[in-house]
Number of protein chains: 2
Amino acid sequence: MVRASATAEEPLSSELIRAAGVKVTRGRVRVLDALRAARQPLSHAEMEALPAGAGDAAIDRVTLYRVLDSLVACGLALKAVDTRGVFRFSAAGAQRQHAKHVHFRCTGCGGVFCLKAEPPPPPRLPRGFRLQQVEFDLRGLCAGCGALAS
Amino acid sequence: MVRASATAEEPLSSELIRAAGVKVTRGRVRVLDALRAARQPLSHAEMEALPAGAGDAAIDRVTLYRVLDSLVACGLALKAVDTRGVFRFSAAGAQRQHAKHVHFRCTGCGGVFCLKAEPPPPPRLPRGFRLQQVEFDLRGLCAGCGALAS
DNA sequence: CCACAAATGCAACAGTGTTGCATTTGCAGG
DNA sequence: CCTGCAAATGCAACACTGTTGCATTTGTGG
């Protein structure tokens, strides 16, 4: 069954795209669906490989880059760099749940743990600087890796 | 005038390299000198372009990668990823002076700016976790890139 | 001074991201 | 329902970043 619309908590990707003021295309809907379904930010390579079960052909590599750029430009997706230097994208709503706490990155296993603490308020910026994102990351060994190393 | 040795506060790069237990080569000395002289982490491309005034020929691209890897492997340099996804290297001692303040990473030009503010104290960690490093990064547009974008 | 392991230089390659251009498509307006 | 146009797509080619293999050179301990 295909719903023609959706609840306020879970709007259809196509509606989000339309509301953002850009054209609703199959590519954009598919990509935004994938980003919203993913529990972690996705790389371009990971998304290129998604057959998505839909009968559609795979998305062109360049088109995927441009779709992602457009989603970022209209605020529906976020772009970040992982530790290997590869861009990763996430749905804009997804990080809201991660914005309010601190992350601990284990240098041993590479795992990311969410801590309860809130990130502290940012300091004053020099004139002309525009803040977009605050990242408070702790690095170290998690309980498991610490036990192994000792 | 060329000093044959140096003070304890400012050891020669060649001595640091020798002390690290790896061969002292012209490439390593030049690169470590550049890293120690730089006020910001340098990208591979930036270092490749350094004529350094010395009469030496430019360093081979691959050799530069390997020199950097070796400096990182023996603890004399640090490797990080900037917001554009390119690796940046810094002398290992340099980050000690960076540990006590906050960084602003420009998502436009990839530049890193040091702010005056101190990083806030880390929150309590779960049992067994060991803290090694605290990173408080702000992301956004620097004054230059902000002016271009507007 | 010599030998050997480490480091270098060169060529070729892989992955990631971008640009130009012709064609297709979403969407608004008749 | 058509039609036009700007936006989006697909394709080819390119640029940049980083890596691997291999022959040659060089630093260093003996």
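Residues numbered from 1 in each chain as written. Chains lettered and ligands numbered in written order. Predicted model: local features only at pLDDT ≥ 70, side-chain atom pairs only at ≥ 80, totals over all residues. Heavy atoms only, no water.

Peer 1: Help me get a handle on the relation of the copies chain B and chain A, residues and values and all.
Peer 2: Of the transformation placing chain B onto chain A, the axial shift is 0.3 Å and the rotation is 176°, giving an RMSD of 2.5 Å. Read as a symmetry element, the transformation amounts to a two-fold axis. Relative to the rotation axis, the closest C-alpha in chain B is found at Phe136(B), a distance of 2.0 Å. (Least-squares fit on C-alpha atoms with pLDDT ≥ 70 in both.)

Peer 1: Explain the pattern of salt bridges residue by residue, including any values.
Peer 2: Close approach of charged atoms lets side chains of opposite charge pair. All names here are of chain B. Tallied over the entire structure, the rule returns six salt bridges over all chains. The salt bridge partner of Lys 79 is Asp 69, with a shortest N-O separation of 3.9 Å. With Lys 79 in strand β2 (residues 77-81) and Asp 69 in helix α4 (residues 61-73), this residue pair connects regions lying 10 residues apart in the sequence. Among the residues examined, Lys 79 registers a relative accessible area of 42% and is labelled partly exposed. Between Arg 88 and Asp 82 there is a salt bridge, with its nearest N and O atoms 2.9 Å apart. (Salt bridge = Lys/Arg side-chain N within 4 Å of Asp/Glu carboxyl O. Helix = DSSP H or I, 4+ residues; strand = E, 2+ residues; numbered from the N terminus. Buried < 20%, exposed > 50% of the residue type's maximum accessible area, 1.4 Å probe, protein only.)

Peer 1: Explain the sheet that holds strand β3 (residues 87-91) of chain B residue by residue, including any values.
Peer 2: Residue and element names in this part refer to chain B. Taken in spatial order, the three strands make up an open sheet running β1-β3-β2, and their pairing is antiparallel. Each edge of the open sheet is held by one strand with a lone partner, namely β1 (42-43) and β2. Bridge count between β2 and β3: five bridges; the pairing is antiparallel. When the bridges of β3 are listed, Ala 77 appears paired with Ala 91. Running at roughly 85° to β3, helix α2 (residues 26-37) makes contact with β1, β2 and β3 of the sheet. Where α4 meets the sheet, it contacts β2 and β3, and its direction lies at approximately 110° from that of β2. (Pairing = 2+ DSSP bridges. Contact = heavy atoms within 4.5 Å. Axes fitted to C-alpha atoms, helices over the stretch in contact; angles between N-to-C directions.)

Peer 1: Which residues make up the packing of aromatic side chains, and what values go with them?
Peer 2: Using the criterion set out here, one finds three aromatic pairs over all chains in the structure. Geometrically, the ring pair formed by Phe129(A) and Phe104(B) is edge-to-face, given 4.9 Å between the ring centres and 65° between the ring planes. Linking Phe129(A) in the loop between β5 (112-114) and β6 (130-141) with Phe104(B) in strand β4 (residues 103-106), this pair reaches from one chain into another. Relative accessible area serves as the criterion here: at 17%, Phe129(A) is assigned to the buried category. An aromatic cluster of three or more residues is present, and its members are Phe129(A), Phe104(B) and Phe113(B). (Phe/Tyr/Trp six-rings, centres within 6.5 Å; stacked < 30°, edge-to-face > 60°.)

Peer 1: Explain the protein's contact with DNA strand D to me, and be specific about the residues and the numbers.
Peer 2: Among the 19 residues in the neighbourhood of DNA strand D, the closest are listed as Arg28(A), Arg66(A), Val24(B), Arg61(B) and Phe87(B). Close to the protein, within 4 Å, the atoms of DNA strand D are drawn from sugar and phosphate at a rate of 56%. For DNA strand D, a sugar or linking oxygen lies 3.1 Å from a polar atom in the side chain of Lys23(A). Contact distances for DNA strand D include 2.2 Å between a phosphate oxygen and a side-chain N or O atom of Arg28(A). (Near = heavy atom within 4 Å. Polar contact = N/O pair within 3.5 Å; in protein donor to acceptor, adjacent residues only side chain to side chain.)

Peer 1: With reference to specific residues and values, describe the interface of chain B and chain A.
Peer 2: Facing the 36 residues of chain B at the interface are 37 residues of chain A. In total, about 2900 Å² of surface goes out of reach between chain B and chain A, with carbon and sulfur atoms giving 65% of it. It is Phe129(B), Arg130(B) and Arg139(B) that lose the most area in chain B upon contact with chain A, and together they represent 22% of the buried surface on that side. Summed over the shared surface of chain B and chain A, the result is zero salt bridges. Our enumeration of links across chain B and chain A arrives at zero residue pairs in polar contact (both at pLDDT 80 or more). Looking at the side of chain B that touches chain A, the elements that each hand over two or more residues are β6 (130-141) and α5 (143-149) of chain B. Top element by residues in the side of chain B that touches chain A is β6(B). It accounts for 12 residues. (Buried area = accessible area lost by both parts, 1.4 Å probe.)

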